[in-house]
Amino acid sequence: MSQRFSLSVNGRIHNIDVDPDMPLLYALRNDVGLNNPHFGCGLAQCGACTVHLDGQPIRSCITPVSAVGNGRILTLAGLGTPDKPHPLQTAYVEEQVPQCGYCINGWIMTAAAFLRDKKKPTEAEIRSALEGLKCRCGTHMGIMRAVKRAAEMMG
Ligand code: FES
Ligand code: FES
């Protein structure tokens, strides 16, 4: 049975009526109208669905809407704007990282939380932070270049 939820997403409240057990990913895409978080595996195995909940990356495909409570959700659309992009968004463009682009949401949202908390990370620390994310197009080398570039911008 549907319930009313007031989701705080990218600084705005969205009132939606959904099944409490529905994955947050579906609510964001279908009820809030944000399509940056992608459905990849639906099993917390790829990261394509990643958003921040109170600043921490979560896999929205396995997070029920009822678990969000009053938490603040940030999606890729709220990370930066075309006029004022996040350093990672700038770096991804400058390094021409995306191929199909399907996975990129997860890599950027995961790296954004990591670089916010870790200045001047080593390559090993970056690799560890991004462990478990998947890209079927093989953009991993470009991703590493972009994250290092963004780390320099944020350092
Ligand atoms: S779709 Fe959520 S981790 Fe793959
Ligand atoms: S760019 Fe295509 S899956 Fe990563």
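Owing to the predicted nature of the structure, the values given are computational and were not obtained by experimental measurement. (Residues numbered from 1 in each chain as written. Chains lettered and ligands numbered in written order. Predicted model: local features only at pLDDT ≥ 70, side-chain atom pairs only at ≥ 80, totals over all residues. Heavy atoms only, no water.)

Caption draft 1: Geometry of the sheet that holds strand β4 (residues 56–59). Taken in spatial order, the five strands of this open sheet run β2-β1-β5-β3-β4, and their pairing is mixed. The strands lining the two open edges of the sheet, one partner per strand, are β2 (12–18) and β4. Here the strands of the sheet are splayed against their neighbours by 40° on average, with no regard to which way each runs. As paired strands, strand β3 (residues 50–53) and strand β5 (residues 72–74) are joined by two bridges and run antiparallel to one another. In the sheet register, Leu 53 faces β5, and the bridge partner there is Ile 73. (Pairing = 2+ DSSP bridges. Helix = DSSP H or I, 4+ residues; strand = E, 2+ residues; numbered from the N terminus. Axes fitted to C-alpha atoms, helices over the stretch in contact; angles between N-to-C directions.)

Caption draft 2: Layout of the nonpolar core. Counting 25 residues, the largest nonpolar core has Leu 88, Tyr 92, Trp 107, Leu 130 and Val 147 as its most contacted members. For this core, the secondary-structure elements that each account for two or more residues are α2 (76–79), α3 (87–94), α4 (104–117) and α6 (140–154). With eight residues, α4 is the largest single contributor of residues to this core. In contact with Val 147, not counting residues within four places along its chain, are Leu 88, Ala 111, Leu 115, Ile 126 and Leu 130. Core analysis: the second largest hydrophobic core is formed by 17 residues, Phe 5, Ala 27, Val 51 and Leu 53 among them. (Core = buried A, V, L, I, M, F, W, Y, C linked by side-chain atoms within 4.5 Å. Buried < 20%, exposed > 50% of the residue type's maximum accessible area, 1.4 Å probe, protein only. Contact = heavy atoms within 4.5 Å.)

Caption draft 3: The arrangement of the side chain of Glu 95 in detail. Mapped onto the elements of the fold, Glu 95 is located in the loop between α3 and α4. A distance of 2.9 Å separates polar atoms of two side chains, one belonging to Glu 95 and the other to Arg 145. Within polar-contact distance, the side chain of Glu 95 engages the side chain of Arg 149 at 2.9 Å. Every residue in contact with Glu 95, bar those within four places of it in the chain, is listed here: Gly 142, Arg 145, Ala 146 and Arg 149. (Polar contact = N/O pair within 3.5 Å; in protein donor to acceptor, adjacent residues only side chain to side chain.)

Caption draft 4: Inspection of unusual backbone geometry at higher detail. The phi torsion at Asp 54 lies on the positive side, around 50°, for a residue other than glycine. Positive phi values are uncommon outside glycine, yet Gln 96 reaches one of about 50°. With respect to the helices and strands, the residue Gln 96 is situated in the loop between α3 and α4.

Caption draft 5: Just the pattern of salt bridges, in detail. Within the structure shown, the criterion is met by nine salt bridges. Where Asp 17 meets Arg 4, a salt bridge forms, and the shortest distance between an N and an O atom there is 3.0 Å. Of this pair, Asp 17 sits in strand β2 while Arg 4 sits in strand β1 (residues 3–9), and the two are 13 residues apart along the sequence. Residue class for Asp 17 comes out partly exposed when judged on its relative accessible area of 44%. Assessed through its relative accessible area of 53%, Arg 4 is described here as exposed. Put simply, Asp 117 and Arg 116 hold a salt bridge, and the shortest N to O gap is 3.0 Å. One connected set of salt bridges, linked through shared partners, spans Glu 94, Glu 95, Arg 145 and Arg 149. (Salt bridge = Lys/Arg side-chain N within 4 Å of Asp/Glu carboxyl O.)

Caption draft 6: A look at the pairing of β2. Taken together, the seven bridges between β1 and β2 define a ladder with antiparallel strand orientation. Counted as the bridge partner of Phe 5 is Ile 16 from β2. Counting the residues in the hairpin turn of β1 and β2 gives two residues, including Asn 10, whose phi is positive at 50°.

None of this, on its own, says anything about what the molecule does.
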